[in-house]
Amino acid sequence: MKKTTNNNHISHHVYGVPGIRGWLPRLSPRCSLRDYGLCMATLLLFCLGSLFYQLNGGPPQLLLDLRLYLGNSTFLDDHGPLSPKVLPFPSQVVYNRVGKCGSRTVVLLLRILSEKHGFNLVTSDIHNKTRLTKSEQVELIKNISTSEQPYLFTRHVHFLNFSRFGAEQPVYINIIRDPVNRFLSNYFFRRFGDWRGEQNHMIRTPGMKEEERYLDINECILENYAECSNPRLFYIIPYFCGQHPKCRDPGEWALERAKQNVKENFLLVGILEELEDVLLLLERFLPHYFKDVMSIYKNPEHRKLGNLTVTVKKTFPSPNALQVLYQRMKYEYEFYHYIKEQFHLLKRKFGLKSHVKTTSNHEISIPVPIPMETEEPIEDEEEQDDKWLEDIYKR
């Protein structure tokens, strides 16, 4: 009894210490000082890990500020600091445009906008190299980073991690489209070009044999030709995954890394099927670059130029061939649906309504041709049997 009394006395003495009464009773009766110390150590490790993450390629602070300003707290703490009163001015924007996803249309707009708003539009004469060696990455990042600001750099190139090489990470934007529709547009563009000239395709692929040029799309798919099977069909994800060799391997690793890069480095990834809404959001998010873009886009003269890039002689495969394509492109579709869902959430947040055509479960979702096409960059392949991919098209 005496021992118990002493313990009670000690307890009473501790609870009576000024300043302790306010917080000690809130502790769970089962929480010892050792447990409390463990919790504090864990919290310290988490904070250090978070700091390490920020110093090694975490989301750029400017992008965090932009998302905070716009209320896009998808992975920000809702109880963080108050939104800045003035929209931060991103002076470095990269549009690593995906081939056959409306990029030619957007670049036409950017050329007009750059003159109108006075930003530096930086383009590249290289159209056939999306994957770079380490030295090529260093050189390109150096050239981009030293461009006169504010700039918007655009090129067909897989995601570049600027912070990896000690440079400031820019804000990224991009547009993708239904993977099968993108593939079909590329397939027929390589063979027959677009409305810019009847012999456009002959200039671009002069070495293509006649039997290859007129190869039936269904035969290409069902007979498993290289052009219609993986890894050629794994095309969109590497633009977001990056330069790592595994980014070119169809699989979960590249898919998840692409999603993570979108979360951390891209202000907006839109879908071509809803291009007008993409432009509206770009005008809202980056007014210094895209103000008045819709009035330019809807101008009849601009629409006339855009329609010249529509791929000619494009047809759709049979339902059976489409099913095979969908199966081969399952990772591409998982990424596409992820982007589409995020884009629609963003649209609802800013009061834009989505008009999505629904189909019954037993129907195949046939891609709908998009009136605005873009020319396709030809990949630089290492294999000797891929010479048909060489880009000799001269602008």
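Since the model is a prediction, treat every value here as computed from it, not as a measurement.

Draft legend 1. Molecular detail of the overall build of the protein. The helix and strand inventory of the protein stands at 17 helices and 5 strands. With 395 residues in all, the protein has 46% of them scored as buried. Of the contacts made within the protein by residues no fewer than 6 positions apart, 75% connect residues no fewer than 24 positions apart. By element, 55% of the accessible surface of the protein is carried by carbon and sulfur atoms, the whole surface being about 21,600 Å².

Draft legend 2. Here's a closer look at the confidence of the model for the protein. The pLDDT averaged across the protein works out to 77; a share of 66% of its residues lies at or above 70. Here residues 1–28 is a poorly scored stretch, pLDDT under 50, and it has 7 contacts once near neighbours within four places are set aside; other chains count. Within the model, the stretch residues 73–80 combines pLDDT values under 50 with 10 contacts to residues more than four positions away or in other chains.

Draft legend 3. Up close: the nonpolar core. By size, the foremost hydrophobic cluster in this structure holds 89 residues, and its most contacted members are Ile176, Phe240, Phe290 and Phe335. If one sorts the elements of this core by residue count, helix H17 (residues 330–349) sits on top with 8 residues. Among all residues touching Phe335, those that are not within four sequence positions of it are Ile176, Ile236, Ile237, Phe240, Leu255, Ala258, Lys259 and Val262.

Draft legend 4. Focus on the pairing of strand E3 (residues 151–154). Side chains of E3 alternate between two faces, with Tyr151 and Phe153 and Leu152 and Thr154 buried alike. Pairing analysis gives 4 bridges linking strand E1 (residues 92–95) to E3, with the strands arranged parallel. Its bridge partner lying in E3, Gln92 is registered against Tyr151. Where strand E2 (residues 120–123) and E3 come together, 4 bridges link them in parallel fashion. Bridged to Leu121 within E3 is Leu152.

Draft legend 5. Structural context of the side chain of Ser147. Relative to the helices and strands, Ser147 resides in the loop between helix H5 (134–145) and E3. Only 3.0 Å separates the side chain of Ser147 from the backbone oxygen of Asn143, close enough to count as a polar contact.

Draft legend 6. Here's a closer look at the state of the cysteines. All told, the structure shown has 2 disulfides when counted by the stated rule. One disulfide in the model links Cys220 with Cys228; its S-S distance is 1.9 Å. Between Cys220 and Cys228, the S-S torsion sits near 105°, and that sign places the bridge as right-handed. Across the pair, Cys228 and Cys220 agree in class, each one buried. The residue that forms a disulfide with Cys241 is Cys247, at a sulfur-sulfur distance of 2.0 Å. Taking the sign of the torsion about the S-S bond as the criterion, the disulfide between Cys241 and Cys247, at about -70°, is left-handed. Counting only the cysteines that form disulfides, in the order they appear in the protein, gives the pairing 1-2, 3-4.

Draft legend 7. How the structure looks around the packing of helix H11 (residues 252–265) against H17. The contact between H11 and H17 brings their axes to 10 Å, and the two run at 20°. As judged from the angle between their axes, H11 and H17 are roughly parallel. Relative to H17, H11 is oriented so that their crossing is right-handed. The residues of H17 that touch H11, namely those facing Glu252, Leu255, Ala258, Lys259, Val262 and Lys263, are Tyr331, Glu334, Phe335, Tyr338 and Ile339. Residues belonging to the contact of H11 with H17 are distributed by class as follows: 7 nonpolar, no polar and 4 charged.

Draft legend 8. Seen up close, helix H6 (residues 179–192). With 14 residues, H6 should cover 20 Å at 1.5 Å per step; its first-to-last C-alpha distance of 20 Å lies within 8% of that length. Two residues or fewer after H6 comes Gly193, characterised by a positive phi angle close to 70°.

Draft legend 9. Looking closely at unusual backbone geometry. The omega torsion across Gln149 and Pro150 is 0°, close enough to zero to call that bond cis. Residue Asn230 is joined to Pro231 through a cis peptide bond whose omega torsion reads 10°. Its place among the elements puts Pro231 in the loop between helix H9 (217–222) and helix H10 (238–241). Here Asn224, not a glycine, exhibits a phi torsion of approximately 60°, which is positive. By secondary structure assignment, the location of Asn224 is in the loop between H9 and H10. A positive phi angle, near 70°, is found at Asp292, a position not held by glycine. Since its relative accessible area comes to 29%, Asp292 is described here as partly exposed.

Definitions and limits used
- Residues numbered from 1 in each chain as written.
- Predicted model: local features only at pLDDT ≥ 70, side-chain atom pairs only at ≥ 80, totals over all residues.
- Heavy atoms only, no water.
- Helix = DSSP H or I, 4+ residues; strand = E, 2+ residues; numbered from the N terminus.
- Buried < 20%, exposed > 50% of the residue type's maximum accessible area, 1.4 Å probe, protein only.
- Contact = heavy atoms within 4.5 Å.
- Areas by Shrake-Rupley, 256 points an atom, 1.4 Å probe, with all protein chains shown as cover.
- pLDDT = per-residue confidence, 0-100.
- Core = buried A, V, L, I, M, F, W, Y, C linked by side-chain atoms within 4.5 Å.
- Pairing = 2+ DSSP bridges.
- Polar contact = N/O pair within 3.5 Å; in protein donor to acceptor, adjacent residues only side chain to side chain.
- Disulfide = S-S within 2.5 Å.
- Axes fitted to C-alpha atoms, helices over the stretch in contact; angles between N-to-C directions.
- Parallel < 35°, antiparallel > 145°, perpendicular 65-115°, else oblique.
- Left-handed = near helix turned anticlockwise from the far one by under 90°.
- Nonpolar A, V, L, I, M, F, W, Y, C, P; charged D, E, K, R; others polar.
- Expected span 1.5 Å × (residues − 1).

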